[in-house]
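Chain residues, written in single-letter form:
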Amino acid sequence: MTITVVGAGYVGLVTAAVFSDLGNKVYCVDVDEKKIEDLKKGKVPFFEPSLSEYLERNIKEKRLFFTKSYSDSVSKSQTIFICVGTPSKENGEADLTYLFSAVEETAKNLSGYTLITIKSTIPIGYEDDLEATVKKHAKAKFEFAASPEFLREGTAIEDTLHPDRIVIGTHSKKAEKILLELHAPISGERITCDMRSAQLVKYGSNALLATKVSFANAISILCEKMETDVTKVMEGIGADKRIGNAFLYPGVGYGGSCLPKDVLAFIAQASRFDYDFELLRAVDAINDLQVERFVNKIRRILNAAEDKKNNLYGFEIAILGLAFKPNTDDMRDAPSIKIINRLLNLKANVTAFDPQSMINAKRILPQISYAKDVYRAIEGKHAMIIVTEWPEFSQIDLSKAKKLLKKPNIVDGRNIFDPHKAKVAGFKYIGVGR
Ligand SMILES: NC(=O)c1ccc[n+]([C@@H]2O[C@H](COP(=O)([O-])OP(=O)(O)OC[C@H]3O[C@@H](n4cnc5c(N)ncnc54)[C@H](O)[C@@H]3O)[C@@H](O)[C@H]2O)c1
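Cut-offs and rules
- Residues numbered from 1 in each chain as written.
- Predicted model: local features only at pLDDT ≥ 70, side-chain atom pairs only at ≥ 80, totals over all residues.
- Heavy atoms only, no water.
- UniProt positions renumbered as here; feature names shortened; annotations may be inferred.
- Core = buried A, V, L, I, M, F, W, Y, C linked by side-chain atoms within 4.5 Å.
- Buried < 20%, exposed > 50% of the residue type's maximum accessible area, 1.4 Å probe, protein only.
- Helix = DSSP H or I, 4+ residues; strand = E, 2+ residues; numbered from the N terminus.
- Contact = heavy atoms within 4.5 Å.
- Expected span 1.5 Å × (residues − 1).
- Right-handed = clockwise from strand over helix to strand, strands pointing away.
- Salt bridge = Lys/Arg side-chain N within 4 Å of Asp/Glu carboxyl O.
- Pairing = 2+ DSSP bridges.
- Axes fitted to C-alpha atoms, helices over the stretch in contact; angles between N-to-C directions.
- Parallel < 35°, antiparallel > 145°, perpendicular 65-115°, else oblique.
- Left-handed = near helix turned anticlockwise from the far one by under 90°.
- Near = heavy atom within 4 Å.
- Polar contact = N/O pair within 3.5 Å; in protein donor to acceptor, adjacent residues only side chain to side chain.
- Areas by Shrake-Rupley, 256 points an atom, 1.4 Å probe, with all protein chains shown as cover.

Labelled according to an unreviewed UniProt entry, the protein chain appears under the name UDP-glucose 6-dehydrogenase. According to its UniProt record, the protein chain has this under Sequence similarities (unreviewed entry): "Belongs to the UDP-glucose/GDP-mannose dehydrogenase family." Quoted verbatim from the Catalytic activity (unreviewed entry) field of the UniProt record, the comment on the protein chain reads "UDP-alpha-D-glucose + 2 NAD(+) + H2O = UDP-alpha-D-glucuronate + 2 NADH + 3 H(+)".

Structure (structure tokens):
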């Protein structure tokens, strides 16, 4: 089948890589000219394990083409996957500017029956507007479908080839058959439904994942007050198969390109349908508070009063981990941004290290220093702060770290160290919920 993927971002590139690798001819269109030129040369714009090998192989085999021209691609395709960004507006609603512009350009170039499948996460209630946009510009027959994306950055190729489920939301058996055939070589349960239900699966899934994180964070607050260990409590709760332990980890709050914006967009959507989603508002509020609670732990370990302004003046702080999670360089809505801005606000001096995201971070946080590795980051600092659980951070040699730090302080936002071992190594240690 010939496919056009619109949007060469995390979702679009992985979709294009996997479908071309499965033998389809795939065009990938983006409005970002530089990105397209780089991609043609095999340069991937972000860090995602094994993606560049997939792209390289399929460009070489002439199954995958990058272009900024809709006319070169859409008119030759039977199926279009729309994978453009749907960021948050100020009021929390999803900004659909890119979506409508992509759909309009697609419509202008349709030729023959084409299935336009929305992979972007978009709120319910825009079906008529999407149909009207295409009808205004297209003479060809078309249908819309929704097949939301569930990949996780860091394991995106694996997730796309072996997903838990593929959700296919259509209005007709014809559209359903096309998408089922296209996904035939991919494993995972098939959930076929109408478009709205498919979209709601996506929002519902992200809302529940965020709820699990905020639940774990709320329990961690209680564990601190009750002097218990949240890791054991969560292990016990998550061992129940009805609950499961995924996403039941407390930390510095959820971040990234999806959960924060999708939670806000879901609250806004619910309100348009006359439902006050109180549960999700609480999830969002707990998440926001987690950053301030974490910064207060840093103040506490440094013996800086938690109620005074500018009271981290003169303190040198090492932040380890900037990306919103390990194995990605994605800084979108990373908790590190809020934590560092708050520390700067309190007049601390911050040096950071992240194995992958420092180029992106320098654009967002130009005011701080960046170190080449963990040990250079912590040298001469008053505290070592873990913000992202990169596997290499749990391998840090604590006796070497103690010699390098000015003060042996660890605030561990991801509970990667054993508190007992840290204390035996001579550190003052504060984790989350233990
Ligand atoms: N990143 C994830 O892990 C993930 C996972 C699941 C779902 N999603 C959802 O998928 C969608 C895309 O997310 P992403 O992270 O890949 O976004 P992204 O920002 O990485 O990529 C979007 C791309 O679309 C391009 N674009 C914008 N307008 C365009 C247009 N009119 N025509 C062609 N290209 C255009 C941009 O230049 C950019 O390259 C969002 O709705 C997101 O919520 C993302």
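Having seen it, we continue.
1. Some remarks on the nonpolar core
L312, I317, I319, L320, L343, M384 and I385 are the most contacted members of the largest nonpolar core, which has 53 residues in total. Considering each element in turn, this core owes the most residues, 5 residues, to helix α12 (residues 278-301). Setting aside chain neighbours within four positions, we find L320 in contact with F353, V374, A377, I378, M384, I385, I386, V387, T388, F393 and I396.

2. Quick look at helix α11 (residues 259-272)
With 14 residues, α11 ought to run about 20 Å at 1.5 Å a step, and its terminal C-alpha atoms sit 20 Å apart, in line with that. In terms of burial, α11 is largely enclosed, as 11 of its 14 residues are buried. Turning to α11, its buried residues number three or more, namely L259, P260, K261, D262, V263, A265, F266, I267, A268, Q269 and A270. Where α11 is buried, its residues touch α9 (195-226) and α12. At the exit of α11 stands D274, carrying a positive phi of roughly 65°.

3. Describing the pairing of strand β6 (residues 142-146)
Successive side chains on a regular strand alternate, one facing one side of the sheet and the next facing the other. Among the 5 residues in β6, 5 count as buried, and that is most of the element. You can see the chain leave strand β5 (residues 114-118), run along helix α6 (residues 127-137) and come back into β6, and the turn it takes is right-handed.

4. Here we look at the pattern of salt bridges
Tallied over the entire structure, the rule returns 25 salt bridges. In this structure, E37 engages K40 in a salt bridge whose closest nitrogen and oxygen atoms are separated by 3.6 Å. Taken together, the positions of E37 and K40, both in helix α2 (residues 33-40) and 3 residues apart, correspond to about one turn of that helix. Exposure remark for E37: the relative accessible area of 35% places this residue in the partly exposed category. What makes K40 partly exposed here is its relative accessible area of 45%. In this structure, D330 engages R332 in a salt bridge whose closest nitrogen and oxygen atoms are separated by 3.0 Å. The exposure class assigned to R332 is partly exposed, which follows from its relative accessible area of 43%. Here the salt bridges do not stand alone but share partners, grouping E104, E105 and K108 into one network.

5. Focus: the sheet that holds strand β12 (residues 383-386)
Within a beta sheet, neighbouring strands are joined by backbone hydrogen bonds and run either parallel or antiparallel to one another. Reading across from one edge, β11-β10-β9-β12-β13-β14 is the order of the 6 strands in this open sheet, with parallel pairing throughout. Bordering the open sheet on either side are β11 (369-370) and β14 (428-430), each of which pairs with just one other strand. In terms of strand pairing, strand β10 (residues 349-353) meets β11 through 2 bridges, oriented parallel. Residue pairing for β11: T351 is matched across the bridge by S369. Across the sheet, α12 is in contact with β9 (316-320), β12, β13 (409-412) and β14; its angle to β13 comes to roughly 165°.

6. Re the packing of α9 against α12
Look at α9 against α12: their axes get within 9 Å of each other, and the N-to-C directions meet at 45°. Classified by the angle their axes make, α9 and α12 are oblique. Note on packing geometry: the crossing formed by α9 with α12 is left-handed. For the pair α9 and α12, the contacting residues are A207, A210, T211, S214, N217, A218, S220, I221 and E224 in the first and L280, V283, I286, N287, Q290, R293 and K297 in the second.

7. A closer look at the site of the ligand
Around the ligand, 29 residues are found, and the nearest of them are D30, K35, Y70, T86 and K261. Measuring from an oxygen atom of the ligand, one finds a side-chain N or O atom of K35 at 2.5 Å. Take S101: an N or O atom from its side chain is 3.2 Å from a nitrogen atom of the ligand. Compared with its free state, where it exposes 830 Å², the ligand has 90% of that area covered by protein.

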